[in-house]
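An overview of the molecular structure
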Amino acid sequence: VHLQASGGGLVQAGGSLRLSCAASGSSLDLDDMGWYRQAPGKQREFVARITSDSVPNYADSVKGRFTISRDNAKNTVYLQVNSLKPEDTAVYYCHVVIRVGQERHNYWGQGTQVTVSS
């Protein structure tokens, strides 16, 4: 399984980006898909998650500004990030849970850098 994240960049405060993460592999049975982020000197933190039934869940710090969605036909999860703040600067990692029988396997993407200037 390979996760390819893209869409990061440098934006001014108040700007927007759309992050994408595509999962590839054979016979993928995707469960939850989501995003985490890690700022310099800080631990990786949860940002948003979406279930296989497209039920979203957000960290309090991003509610109302970020929107997670998924396209099951494309095995892709998206994160629309609006009203960006300098404190949103981080490497954003996608996270995917894949069902294999009764097991759940976790996979991480390589990360995409989001930098917000003030």
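Located above this text is the structure these notes cover.
The notes below deal with the structure included here. (Residues numbered from 1 in each chain as written. Predicted model: local features only at pLDDT ≥ 70, side-chain atom pairs only at ≥ 80, totals over all residues. Heavy atoms only, no water.)

**Here's the deal with the environment of Pro-86**
To be explicit about the condition: Helix and strand assignments come from DSSP, with helices taken as H or I runs of at least 4 residues and strands as E runs of at least 2, each series counted from the N terminus. Burial classes follow relative accessibility: with a 1.4 Å probe on protein chains only, a residue under 20% of its type's maximum area counts as buried, one over 50% as exposed, and anything between as partly exposed. Here, residues are in contact when the closest pair of their heavy atoms is within 4.5 Å.
With respect to the secondary-structure elements, Pro-86 resides in the loop between strand E8 (76–81) and strand E9 (90–100). Residue classification places Pro-86 among the partly exposed residues on the basis of a relative accessible area of 37%. When near neighbours in sequence (up to four residues on either side) are disregarded, Pro-86 contacts Ala-13, Val-116 and Ser-118.

**A word on the sheet that holds E8**
Our working definition: Two strands qualify as a pair provided that DSSP identifies no fewer than 2 bridges between them. Every axis corresponds to a line fitted to the C-alpha atoms, with the helix fit spanning only the stretch in contact, and the corresponding angles, defined between N-to-C directions, vary from 0 to 180 degrees.
The sheet built from four strands is open, its strands ordered E1-E3-E8-E7 with antiparallel pairing. Lying at the two open borders of the sheet, with one neighbouring strand each, are strand E1 (2–6) and strand E7 (66–71). Ignoring strand direction, the axes of neighbouring strands in this sheet form an average angle of 15 degrees. Note that E7 and E8 share six bridges and pair antiparallel. Residue pairing across strands places Ile-68 opposite Leu-79, the latter belonging to E8.

Geometric values such as these leave the question of function open.
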